[in-house]
Amino acid sequence: VSADAWNAVSAELPAPGESFRGRAKVRRNHEAAPATVFRAEGSRVRVVFDEPVRAPAPGQALVVYDDREYVLGGGWITGARP
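Residues numbered from 1 in each chain as written. Predicted model: local features only at pLDDT ≥ 70, side-chain atom pairs only at ≥ 80, totals over all residues. Heavy atoms only, no water.

Colleague: Mind showing me how you'd approach the side chain of Gln60 here?
Modeller: By the secondary structure assignment, Gln60 is in the loop between β4 (45–49) and β5 (61–65). Polar contacts involving the side chain of Gln60 include one to the main-chain amide nitrogen of Ala57, which spans 2.7 Å. (Helix = DSSP H or I, 4+ residues; strand = E, 2+ residues; numbered from the N terminus. Polar contact = N/O pair within 3.5 Å; in protein donor to acceptor, adjacent residues only side chain to side chain.)

So this is what it looks like as structure tokens:
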């Protein structure tokens, strides 16, 4: 899942090419799932889920949490690949 307009809330965005672990949601009623967040150019990120998630779609919000339910950041989904 790729996202743009990333807004870091509780964690600084890593340098381009670096990553961090978290739990991400692609929709409100979706269970947060383990994922790795990779920094791309500008305010873009790419999120790779440990297991496939159901129906991420462009325009939906992507929110990343730590392991304690604190929001690390979020953005808008711009693309999704299986």
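Colleague: Where do I start with the packing of aromatic side chains in this structure?
Modeller: Evaluation of the coordinates by the stated rule reveals zero aromatic pairs. Sitting above the plane of the Phe38 ring, Arg46 keeps its charged end 4.6 Å from the centroid. (Phe/Tyr/Trp six-rings, centres within 6.5 Å; stacked < 30°, edge-to-face > 60°. Lys NZ or Arg CZ within 6 Å of the ring centre and 35° of its normal.)

Colleague: Any chance you could explain unusual backbone geometry here in plain terms?
Modeller: One can expect most non-glycine residues to show negative phi and most peptide bonds to be in trans. In this structure, Ala5 takes a positive phi of about 60° despite not being glycine. Mapped onto the secondary structure, Ala5 falls in strand β1 (residues 2–8). Positive phi, close to 80°, is recorded for Glu69, a residue that is not glycine. As for its position among the elements, Glu69 is in the loop between β5 and β6 (71–79).

Colleague: Help me understand the pattern of salt bridges in this model?
Modeller: Scanning the entire structure with this criterion turns up four salt bridges. A salt bridge links Arg21 to Asp50; the nearest nitrogen and oxygen atoms lie 2.8 Å apart. Here Arg21 is found in strand β2 (residues 19–25), whereas its partner Asp50 is found in the loop between β4 and β5, with 29 residues between them in sequence. Using a relative accessible area of 42% as the deciding quantity, one classes Asp50 as partly exposed. Here Arg23 and Glu69 are joined by a salt bridge, their closest N and O atoms 2.7 Å apart. Here the residue Arg23 occupies a position in strand β2, and Glu69 occupies one in the loop between β5 and β6, the gap between them amounting to 46 residues. Judged by relative accessible area, which is 19%, Arg23 ranks as buried. (Salt bridge = Lys/Arg side-chain N within 4 Å of Asp/Glu carboxyl O. Buried < 20%, exposed > 50% of the residue type's maximum accessible area, 1.4 Å probe, protein only.)

Worth remembering: the numbers are spatial, not functional.
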